[in-house]
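# Topology and contacts: notes
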Amino acid sequence: MSKVTAVAPSNIAFVKYWGARDLERTLPWNPSISMTLSACVSRCTAETVDTDRDEILWDAGGGRLVDPDAGFAARVQAQIDRIRAALDRPARVRVATGNTFPSAAGIASSASGGTALALALAGTFGVEPDAAALSRLARLGGSGSAARAAQGGYVEWPAGNGPDDGLRQLAPASHWALCDVVAVVDAGPKAVSSLEGHRRAPGSPYFAQRQQELIGRLDEVRTAIRSRDLERLGRALETEAVDLHLIAMSSRPPVFYWKPATLAVLDAVRGLRRTGTVGWATMDAGPNVHVICPPEAEPAIAESLAAIPGVQQVLRDRVGDGPRTSGEHLF
């Protein structure tokens, strides 16, 4: 088959997937809602090869493709095998992949990476998946955030009982031009993976209470997106972010993702709001902070966050249109 390159964006969850009813099938306890991004992306090139094994390469930038570390290679190999089995295609492949942002640091690289890999492999196998099929393929590796990465704009992944669980776009990217300013306080991999965090989450004494409160919170976020009400959305997403980390910190054993600079960024965002620069903070499973804001506030927020001690870099992103194929191959 032909060589195919896929570009897939990360996303930031407004209402989080945290805790799975079935980790093997990636079935969540609760629905989740996210905003698809546009600049934080993974790129993956795949082609079939006439060999007896797959080849996996990492894009190190500057046109350099290198052998990935053994752990990453094993995870990608396992996902290739799952996708190959799901599509019933026996061919071996050469794959190269890389990100425009830090991996495994709580910026949903599993979402963009898993979706880019699934779309590239499907293409090189001669399959053109729709959004629902791409979502199912992407999350075979256990990433719930990958379930939402198959569509652009504002996306909800319901808590269904099986793989065909009604993934739906609440609104396209053109509906609401929100920005996401990411304060990276630790670009390294998390000590505790999201998959392990999902496994521990139901052990928190607050897990059941969060599930009850999510009923109203999901409605708040849906309404806020529909009406483009940033204050309504912001109140809900800040509460939700703290709740996720409350569950993580009270799991057994506990998971601590926050760093000292995480708290400094959260404090700075509240301070900016008091002076009229509107942004609302959220975090996925990691120490880095996403600030959701209107386009006119993005420059001031990015400048303020970059000046905070402990912030290693600031990423500026915005709502995007979802995954696509590209003619710019990695090899």
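Quantities reported herein were computed from a predicted structural model and do not represent experimental measurements. (Residues numbered from 1 in each chain as written. Predicted model: local features only at pLDDT ≥ 70, side-chain atom pairs only at ≥ 80, totals over all residues. Heavy atoms only, no water.)

### Examining the overall build of the protein chain
- Along the backbone of the protein chain there are nine helices and 14 strands.
- Taking 331 residues into account, the globule formula puts the C-alpha radius of gyration at 20 Å, and the protein chain, at 19 Å, falls close to it.
- Of all intrachain contacts in the protein chain linking residues separated by at least 6 positions in sequence, the fraction that spans at least 24 positions is 75%.
- Accessible surface computed for the protein chain: about 13,600 Å², of which carbon and sulfur atoms make up 51%.
- When the 35 basic and 36 acidic side-chain charges of the protein chain are each reduced to a single mean position, those positions are 3 Å apart. (Helix = DSSP H or I, 4+ residues; strand = E, 2+ residues; numbered from the N terminus. Rg over C-alpha atoms; globule rule 2.2 N^0.38 Å. Contact = heavy atoms within 4.5 Å. Areas by Shrake-Rupley, 256 points an atom, 1.4 Å probe, with all protein chains shown as cover. Lys, Arg positive; Asp, Glu negative; His and termini not counted. Charge placed at Lys NZ, Arg CZ, Asp CG, Glu CD.)

### Observations concerning the nonpolar core
- Counting 30 residues, the largest nonpolar core has Ile 80, Ile 83, Val 95, Leu 117 and Leu 121 as its most contacted members.
- Breaking this core down by element, the ones donating at least two residues are strand E1 (4–15), strand E4 (32–49), helix H1 (70–87), strand E7 (92–99), helix H2 (109–124), helix H3 (131–138), helix H4 (144–148) and strand E8 (154–157).
- Beyond its immediate chain neighbours, meaning those up to four positions away, Leu 117 contacts Cys 44, Val 76, Gln 79, Ile 80, Ile 83 and Val 95.
- One finds Ala 171, Leu 178, Ile 225 and Leu 315 within the second-largest nonpolar core, a separate group that totals 29 residues. (Core = buried A, V, L, I, M, F, W, Y, C linked by side-chain atoms within 4.5 Å. Buried < 20%, exposed > 50% of the residue type's maximum accessible area, 1.4 Å probe, protein only.)

### Re the packing of aromatic side chains
- Enumeration according to the criterion identifies six aromatic pairs in this entry.
- Ring geometry for Trp 29 and Phe 207: centres 6.1 Å apart, planes at 75°, overall edge-to-face. Taken as a pair, Trp 29 in the loop between strand E3 (27–28) and E4 and Phe 207 in helix H6 (residues 207–227) lie far apart in primary sequence, 178 residues in all.
- With a centroid separation of 5.2 Å and 80° between ring planes, the pair formed by Trp 58 and Phe 72 is classed as edge-to-face. Residue Trp 58 is found in strand E5 (residues 55–61), and its partner Phe 72 is found in helix H1; the two are separated by 14 residues along the sequence.
- Its relative accessible area of 22% is what places Trp 58 among the partly exposed residues.
- An aromatic cluster of at least three residues, connected via ring pairs, comprises Phe 14, Tyr 154 and Trp 176.
- Above the plane of the ring of Phe 331 lies Arg 94, whose end atom (NZ or CZ) is 5.8 Å from the centre.
- The ring of Trp 280 carries Arg 273 above its face, with NZ or CZ at 3.7 Å from the centroid. (Phe/Tyr/Trp six-rings, centres within 6.5 Å; stacked < 30°, edge-to-face > 60°. Lys NZ or Arg CZ within 6 Å of the ring centre and 35° of its normal.)

Interpretation note: all reported values are geometric properties and have no functional meaning in isolation.
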